[in-house]
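Reading the structure
If you want the building blocks of each chain, they are given just below.
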Amino acid sequence: MFSRLLACGPCAAVLLLAGTTVAEQAAVVVAESQSTLRFESDIRPLLKAHCWHCHGEEAEVEGNLDLRLSHFMRTGGDSGPAVIPGDADGSLLVERIASGEMPPGDVKMSAEELGRIVRWIDQGAATARPEPETMAVGDIFTEQDREHWSFRPLRRPAVPRTPPESLARTAIDAFLWKRLDDQGLGFSPAADRETLIRRLTFNLTGLPPTPAAVAEFVADPRADAYERLVDSLLDSPAYGERWGRHWLDVAGYADSDGYAAKDIERKWAWKYRDYVINAFNDDKSWREFIIEQLAGDELVSLPYEDLSEEDSARLIATGFLRMGPDGTGDGSADQKVARNDVIAETIKIVSTSLLGLTVGCAQCHSHRYDPISHVDYHRLRAVFEPAYDWQDWRSSAARLVSQWSDDTRQQAAEIDRQLKELAAARTAELDQLVDDTFERELAKLPEEIRAEAREARQTAVKERTDRHHDLIKEYPFLNVSRGSVYLYLPDRLRGFNQKWDQRQAELQDQRPADDLIRCLTEVPGKVPETKLFHRGDINQPRQVVAPGELAVINPDNRELPVDDPELPTSGRRLAYARHLTDGEHPLVARALVNRFWMHHFGRGIVATPSDFGMLGEPPSHPELLDWLASEFVAQGWSLKRFHRLILNSHAYRQVSTRRDELDAVDPENRLLGRMSIRRLEAEVVRDSLLAVSGQLANKVGGQPVPVAPDEVGQIVVAADTRDSAGRPTKTQVALGEDEFRRSLYVQVRRSMPLGVLEPFDMPSLAPNCELRTSSTVAPQSLMLLNSPFVVEQTRLMAERVIREAGEEPAARFASAWKLAFGREPAAAELAAGIDYLVDQTERLRTSAAESDAKAELPPDTAALATLCQALLSSNGFLYLD
């Protein structure tokens, strides 16, 4: 017998003592259960996660023991049967696991996992269905895996019928009400109009509603006032900024490469950001949106010159595939590793955003939990490798495509010709100055050595004699050159430089500015082979892998072209993009509508939006998810139509008030018997502060607003004027209104996150942000109390209130309250606010009278500013009801 310490969770352990059976030992750490365990659902996932990399995935299995099927284990390997049905204590598999011999390495099976295997064997090692006699090398899934909810074909379920008292308004309500009714619950009543306009405006634009907009909506007597409000917000340019930001999260948008400390800037990445914003505002079909991002270049004729607006947009769209961290421009990085990391990060972004799967986990071995093989991973890699040829890599600069028209290109070429001629003329004149200087200085020498001195100058360095070197040392002017002639003609050369520099500047000013696209393209006619890297090691290439879909959702073995003869490019990405958006793919529409739902309700129907696999959470309303996905496709992949579908439901309009009967059954509000309260995201907090202070600039699109460390190292919105050594300088560059643009337009530097956003869980782009966290931590309050930016905005808000509300404390308080919370203050709130303003003003006036220092603000303004700061630091401002 043997002993073994089994861990059961982080805080418990049980010592298995010698003299007891394995079954008795396992009984200590697992609860007895009467249910019959099955290999497919209960045991196979454990073995796949812990054992298959040695016993099933490779062509050669260790000890000839294959653990992929139950009958393989009963047959066993070199050491005999691994499992004896009905006898866990005599089964070699249990012995090896309990002794710690299997699996090798630091990660061991838990006591609960071992206990499950023990129970399964003692129950007879049952399977759910007859097993195949054999499995091909590398096969890691069975037909049961294809029955996982997210891999099933998309089917449109029938809408449940609902009685009038259900409050259901739409099909969405019908599905939700059915689940609530099954639990003896129902919807909450609709929220009031002040709550609804604040909810809608933040949800669709990321900005607070203005007091005027609130008053207009509350007073609107029309029956369709709500629907009109939805339409007006969807038509706002701010809608594309708000919802574009959601997609930029999952796309991993950044204005720098990351990867290494150098964090090289991406000068033209912002065009992809603007493409996304425009796509949302234009309600571009998501079918087209996806195809353009994956293969826009394959829709554009070669060569990429004199581009139309449409073709430019298609190339810009492929910036989606250029968003991952990229170390290939950093000389300190191992280039082979960096190149392959770019491909790996791109696959992660594509798979988590569009498939809702963690395909990247199969880079080094078959996925431990999902039916995604190591070969599957390389099939997907083969889709992108013609554009990302790691053995013939193109630098970022070499991948840029110009947006110049032919006319602009000709204009630039003419200016370049003139600049070249100018440079040649300048050089010729400078050479004449050098020659004149030499002759003048030579004439000063004794006549008898002039010939020898001229010879020393004219002789090639390698052929000079000692005498030549002595002369040059004695008379340095013999080496006068373009670089040293200024020593002899300082005044004349100053005039020379001024003359040629204004001329050059005049021509440079006439030259069109560079206008480049950061895109992903292929080299026509060049299609590299993709080889499987054994265990993810680029130095261990194995068999060639063709591009293709994940096998588990490709039962018909649908193939992608290796090299489409109809296209100058390989056509792989275009074929894959069209396959994803054909309306039949089981994952894409489900993954998309789940994300859209999440941004409306705060949580997806699947709470793990980038993991629809075995470890992800199952959908709370599977039939609703499938209905939404099929409806989205049927409505032409239109997001604005989808918004209206959700926003017009009763579920979205509910109050957020908790009810005891709801909390008892559904404390996390998965059934949506009320609306969930959500905290504003980091960017929305900053943008809202600028909005209520009156400083927000509404400029749309364009180059990002720079960020830089301030004197204490905090990252702020500012031009980076540090010297080459990274030291701050006293140079200041005014940004004008750009300083107050929406956070969407602030430069996203992976190494320099904006300080005012960081405490509020700004997205982490490693490589993308699949799901934002929402924490409540002390630095948030400290930032709202002490940040110079916040203090400045509260002062400006106070000054705005004084301008708009006048002198009366009651009017000032009501104005500040409405700006912050989007509603009128209640009578008690108004009375308390007036008392605060009066008392605080008097205290500050008294304090100012007793102090020799001059106050920065008048007492009444300072008092109002402290009130504004309190309001903007409160939950009423930071949370959405």
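Above this text sits the structure in question.
Given the structure is predicted, the values throughout are model-derived calculations rather than measurements.

Let us now look at the overall build of the chain. A tally of regular secondary structure across the chain gives 33 helices and 10 strands. In the chain, of all internal contacts separated by at least 6 residues, the share reaching a separation of at least 24 is 70%. Roughly 40,100 Å² of accessible area belongs to the chain as shown, and the carbon and sulfur atoms make up 50% of that amount. For the chain, the distance from the average position of its 103 positive side-chain charges to the average position of its 138 negative side-chain charges is 2 Å.

Using the criterion set out here, one finds five cavities of 30 Å³ or more in the structure. Counted as a void, the largest cavity has a volume near 80 Å³. If you trace the largest cavity, you find it lined by Trp-243, His-246, Trp-247, Val-250, Phe-280, Trp-286, Leu-592, Arg-595, Phe-596 and His-599. Elements with a contribution of two residues or more to the lining of the largest cavity: α11 (237-251) and α22 (588-601). Considered class by class, the residues forming the lining of the largest cavity number seven nonpolar, two polar and one charged. Of the volumes computed, that of the second largest cavity is approximately 60 Å³. Lining the second largest cavity are Tyr-239, Ala-279, Phe-280, Asp-283, Lys-284, Trp-286, Phe-289 and Leu-639. Elements with a minimum of two residues in the lining of the second largest cavity: α12 (270-281) and α13 (286-295).

So, on to the environment of Phe-151. Structurally, Phe-151 can be placed in the loop between α6 (143-146) and α7 (171-182). Judged by its relative accessible area of 5%, Phe-151 falls in the buried class. Separated by 583 residues in the primary sequence, Phe-151 and Ala-734 have C-alpha atoms spaced 54 Å apart. Once residues within four sequence positions are removed from consideration, Phe-151 is found in contact with Asp-145, Arg-146, Leu-357, Pro-371, Val-552, Ile-553, Pro-586, Leu-587, Arg-590 and Met-614.

This part covers the nonpolar core. Counting 154 residues, the largest nonpolar core has Trp-247, Trp-286 and Leu-294 as its most contacted members. For Trp-286, the contacting residues outside a window of four places in its chain are Trp-247, Phe-280, Leu-592, Phe-596, Phe-632, Trp-637 and Leu-639. Grouped together as the second largest cluster of nonpolar side chains are 41 residues, Leu-689, Ile-715, Ile-802 and Ala-816 included.

This part takes up the packing of helix α8 (residues 193-205) against α11. The interhelical angle for the contact between α8 and α11, taken along N-to-C directions, is 70 degrees, at an axis separation of 6 Å. By the angle class used here, α8 and α11 are roughly perpendicular. Contact residues: Phe-202, Asn-203, Leu-204 and Thr-205 in α8; Ala-238, Tyr-239, Arg-242 and Trp-243 in α11. The class makeup of the residues in the contact of α8 with α11 is five nonpolar, two polar and one charged.

Here we come to the environment of Ala-333. By the secondary structure assignment, Ala-333 is in the loop between α14 (309-317) and α15 (335-355). The spacing of Ala-333 and Tyr-259 is 74 residues in sequence and 9.0 Å in space, taken between C-alpha atoms. Contact partners of Ala-333, with chain neighbours within four places excluded, come to Tyr-259, Gly-327 and Ala-338.

What follows covers the pattern of salt bridges. One pass over the full model with this rule turns up 64 salt bridges. Where Arg-245 meets Asp-249, a salt bridge forms, and the shortest distance between an N and an O atom there is 2.9 Å. With Arg-245 and Asp-249 both in helix α11 and four residues apart, the pair spans about one turn of that helix. We classify Arg-245 as buried; its relative accessible area is 10%. Classification of Asp-249 by relative accessible area gives buried; the value is 6%. A salt bridge links Arg-603 to Glu-668, with the shortest nitrogen-to-oxygen separation between them at 3.4 Å. Separated by 65 residues along the polypeptide, Arg-603 in the loop between α22 and α23 (622-634) and Glu-668 in the loop between α26 (660-665) and β7 (678-679) bring together distant segments of the chain. Several salt bridges converge on common partners, so that one network encompasses Lys-284, Glu-288, Glu-292, Glu-310, Asp-311 and Arg-314.

Time to look at unusual backbone geometry. For the bond from Met-102 to Pro-103, the omega torsion is -15 degrees, close enough to zero to count as cis. Within the secondary structure layout, Pro-103 lies in the loop between α4 (92-99) and α5 (111-122). In this model, Trp-637 sits at a positive phi of 60 degrees, which is unusual for a non-glycine residue. Relative to the helices and strands, Trp-637 is located in the loop between α23 and α24 (639-647). Among the residues examined, Trp-637 registers a relative accessible area of 6% and is labelled buried. Phi angles above zero are rare outside glycine, and Leu-672 is one such case at about 60 degrees. Inspection of the secondary structure puts Leu-672 in the loop between α26 and β7. Exposure remark for Leu-672: the relative accessible area of 6% places this residue in the buried category.

Attention now moves to the layout of surface pockets. To find leftover empty space, a probe the size of one water molecule is rolled over the atoms. A volume near 1,100 Å³ is recorded for the largest pocket. Taken together, 50 residues make up the lining of the largest pocket; nearest its centre are Met-598, Gly-602, Arg-603, Arg-678 and Ser-774. Broken down by secondary-structure element, the contributors of at least two residues to the lining of the largest pocket are α8, α11, α22, β7, α27 (682-693) and β10 (879-880). The element best represented in the lining of the largest pocket is α11, accounting for six residues. Of the residues contributing to the lining of the largest pocket, the split by class is 19 nonpolar, 12 polar and 19 charged. Reported here for the second largest pocket is a volume of approximately 960 Å³. If you trace the second largest pocket, you find 37 residues lining it, with Asp-710, Glu-711, Val-716, Val-717 and Ala-718 closest to the centre. Elements with a contribution of two residues or more to the lining of the second largest pocket: β8 (707-709), β9 (715-717), α28 (778-786) and α29 (788-805). It is α29 that provides the largest number of residues to the lining of the second largest pocket, a total of five residues. Along the lines of polarity and charge, the residues of the lining of the second largest pocket split into 20 nonpolar, nine polar and eight charged.

Calculation rules
Residues numbered from 1 in each chain as written. Predicted model: local features only at pLDDT ≥ 70, side-chain atom pairs only at ≥ 80, totals over all residues. Heavy atoms only, no water. Helix = DSSP H or I, 4+ residues; strand = E, 2+ residues; numbered from the N terminus. Contact = heavy atoms within 4.5 Å. Areas by Shrake-Rupley, 256 points an atom, 1.4 Å probe, with all protein chains shown as cover. Lys, Arg positive; Asp, Glu negative; His and termini not counted. Charge placed at Lys NZ, Arg CZ, Asp CG, Glu CD. 1 Å grid on protein atoms, 1.4 Å probe; cavity = no way out; pocket = protein on both sides within 12 Å on 5 of 7 lines; lining within 4 Å. Points joined across faces, edges and corners; volume = space filled by probe spheres on them. Nonpolar A, V, L, I, M, F, W, Y, C, P; charged D, E, K, R; others polar. Buried < 20%, exposed > 50% of the residue type's maximum accessible area, 1.4 Å probe, protein only. Core = buried A, V, L, I, M, F, W, Y, C linked by side-chain atoms within 4.5 Å. Axes fitted to C-alpha atoms, helices over the stretch in contact; angles between N-to-C directions. Parallel < 35°, antiparallel > 145°, perpendicular 65-115°, else oblique. Salt bridge = Lys/Arg side-chain N within 4 Å of Asp/Glu carboxyl O.

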